[in-house]
Amino acid sequence: RLWDFKNKRLPDEKELKEKLKSVGYKNIILDEKNRTIFIKKKDVQIDLGGIIKGYAADKIAQLLKNSGIKAGLIAVGGDIKTFGIRPDGKPWTIGIQNPRQTSNDDEIVGIVKLDPEMAISTSGDYEKYFLLNGKRYHHLLDTKTGYPSYKNRSVTIISQESALSDAFATAIFLIDAEKGMEILNRLGLEGIIIDKDGKIFITDKIKDKLSLFDLSYAN
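Novice: What is the right way to look at the packing of aromatic side chains in this model?
Specialist: Each aromatic ring pair is specified by the distance between its two centres and by the angle formed by the two planes. Inspection of the entire model under this criterion finds 5 aromatic pairs. Look at Trp-3 and Phe-5: their rings are 5.9 Å apart centre to centre, the planes differ by 15°, and that puts the pair in the stacked class. Exposure class is identical for Trp-3 and Phe-5. Each is buried. Through a chain of ring-to-ring contacts, the aromatic side chains of Trp-3, Phe-5, Phe-130, Tyr-137 and Tyr-147 assemble into a single cluster.

Novice: Can you help me understand the nonpolar core in this one?
Specialist: Looking at soluble globular proteins, one finds that nonpolar side chains tend to be buried together. Residues Ile-96, Val-112, Leu-114, Ile-120, Ile-158 and Ile-192 are the most contacted members of the largest nonpolar core, which totals 15 residues. Taken together, the elements giving at least two residues each to this core come down to β5 (92-97), β6 (108-114) and β11 (190-195). With sequence-adjacent residues up to four places away left out, Val-112 is seen in contact with Trp-92, Thr-93, Ile-94, Ile-96, Ile-158, Ile-192, Ile-206, Lys-209 and Leu-210. Core analysis: the next-biggest nonpolar cluster, separate from the first, contains 13 residues, Phe-173, Ala-177, Met-181 and Leu-189 among them.

Novice: What is the right way to read a nonpolar patch on the surface from this model?
Specialist: Together, Leu-30, Ile-37, Ile-39, Ile-46, Leu-48, Ile-51, Ile-52 and Tyr-55 make up a nonpolar patch on the protein surface, roughly 730 Å² of accessible area in all. Tracing the chain through its elements places Ile-51 in the loop between β2 (36-39) and α2 (52-66).

Novice: Help me understand the sheet that holds strand β4 (residues 79-83), please; the structure alone is not making it clear to me.
Specialist: Strand pairing within a sheet occurs via backbone hydrogen bonds; the two strands may be parallel or antiparallel. Spatially, β3-β4-β7-β10-β11-β12 is the arrangement adopted by the 6 strands of the open sheet, whose pairing is antiparallel. In this open sheet, the two edge strands, each paired with only one partner strand, are β3 (72-76) and β12 (200-202). On average, adjacent strands in this sheet sit at an angle of 10° to one another, irrespective of strand direction. In this sheet, β11 lies alongside strand β10 (residues 152-159) in antiparallel orientation, the contact comprising 6 bridges. Of the residues in β11, the one forming a bridge with Asn-152 is Asp-195. The strands touched by α2 within the sheet are β3 and β4, with β4 carrying the most contacts at an inclination of about 25°.

Novice: What am I meant to see in helix α4 (residues 177-187) here?
Specialist: Quick reminder: α-helices carry 3.6 residues per turn. Residues three or four places apart thus point the same way. Taken together, the buried positions of α4 are Ala-177, Gly-180, Met-181, Ile-183 and Leu-184. When α4 is viewed along its axis, its buried side chains cluster within an angular range of 165° and face the same direction. In α4, the exposed positions that point more than 90 degrees away from the buried face belong to Glu-178 and Arg-186. Looking at the buried residues of α4, the elements they touch are β10, α3 (162-173), β11 and β12. Phi for Gly-188, located one or two positions after α4, is positive at around 75°.

Novice: Would you mind showing me how to read the environment of Thr-36 here?
Specialist: With respect to the helices, strands and loops of the structure, Thr-36 is situated in strand β2. By relative accessible area, which is 40% here, Thr-36 ends up partly exposed. Contact partners of Thr-36, with chain neighbours within four places excluded, come to Ile-29, Leu-30 and Asp-31.

Novice: Could you clarify how one ought to interpret the pairing of β6 in this entry?
Specialist: Here is the key point about a regular strand: its side chains alternate between the two faces of the sheet. One ladder, built from 6 bridges, connects β5 with β6; its direction is antiparallel. Across the sheet, the residue bridging to Gly-95 is Ile-111, located in β6. Taken together, the 3 bridges between β6 and strand β13 (residues 210-212) define a ladder with antiparallel strand orientation. By the bridge assignment for β13, Gly-110 is matched with Leu-212.

Novice: Honestly, the environment of Tyr-147 in this entry has me stumped. Any pointers?
Specialist: Looking at where Tyr-147 falls in the secondary structure, it is placed in the loop between β9 (135-138) and β10. On the basis of relative accessibility, which here comes to 25%, the residue Tyr-147 falls in the partly exposed class. When residues no more than four places from it in sequence are discounted, the contact partners of Tyr-147 are Trp-3, Glu-13, Leu-16, Leu-141 and Asp-142. Here the side chain of Tyr-147 touches Glu-13 through a polar contact of 2.4 Å, side chain to side chain.

What counts, and where the lines are drawn
- Residues numbered from 1 in each chain as written.
- Predicted model: local features only at pLDDT ≥ 70, side-chain atom pairs only at ≥ 80, totals over all residues.
- Heavy atoms only, no water.
- Phe/Tyr/Trp six-rings, centres within 6.5 Å; stacked < 30°, edge-to-face > 60°.
- Buried < 20%, exposed > 50% of the residue type's maximum accessible area, 1.4 Å probe, protein only.
- Core = buried A, V, L, I, M, F, W, Y, C linked by side-chain atoms within 4.5 Å.
- Helix = DSSP H or I, 4+ residues; strand = E, 2+ residues; numbered from the N terminus.
- Contact = heavy atoms within 4.5 Å.
- Patch = residues over 30% accessible without salt bridge, like charges linked within 9 Å, V, L, I, M, F, W, Y side chains within 5 Å.
- Areas by Shrake-Rupley, 256 points an atom, 1.4 Å probe, with all protein chains shown as cover.
- Salt bridge = Lys/Arg side-chain N within 4 Å of Asp/Glu carboxyl O.
- Pairing = 2+ DSSP bridges.
- Axes fitted to C-alpha atoms, helices over the stretch in contact; angles between N-to-C directions.
- Arc of directions from axis to C-beta.
- Polar contact = N/O pair within 3.5 Å; in protein donor to acceptor, adjacent residues only side chain to side chain.

Shown next, in the form of C-alpha cells:
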C-alpha cells in the first residue's frame, strides 16, 4: 500500500524498511485442525492478490458447468480457465503477450494449445507499472527489499487449477529463470519464463504445445 502506481510515487525509504518487518508467511500461524489463522503482529494483513483471480476463474468455471454449459473459457485478467471441448474440436489457443510492446498492444510472442480442463496464468511487469527517470517500477515486489523484482519480465504457468497457476506465476516471477525452470520441471508444471533480458525459457512438457514467433524485440 506504500506504492502509488497511479501517481507514480516512490515509497518513503524509512517507512518501507519499517513495514518490511511485518512481511512474510512466518507472521501467521495456520491451525488446520480448527481451521483458524493466528496473526502474530497487529499490523500484519493477508493480501490474496497473488491467487484470488485464479481462484475466481476456477469457481466461475464450476458454476457454469453446474448450470449445464458444456464448454467455455473464463478470463480474469491474466488468468484463464478452460473447460469442455470447443465445438470445432480444436484445442483452446492462448496467446502469450509480449512484455515489451512495440506499436501493437495485442502483440504476442507465441501461442499455446491448451487442453480441456486446464488453466493458464501470467504474471508480468507490464500491466501495473510506471516509468520514472527511465526506470520501470512495477507491482510484483521482492519481499526482501520491498522494491520490484527485476529477475524476469513475465512468467506463464499451466496447471489444472487456475488458483495454482496464478500462485506459481507470481512466485516464480520473483526468482532467477534458471531456478524457476528447475522448480517447474521438478514439480511437473508447464511454464514459460521471459527473463530480464528477454530470453525465453520453456519447460520440457510444454514444448509440443507452444509455437513461438519472431523474438527480435528481445535483443
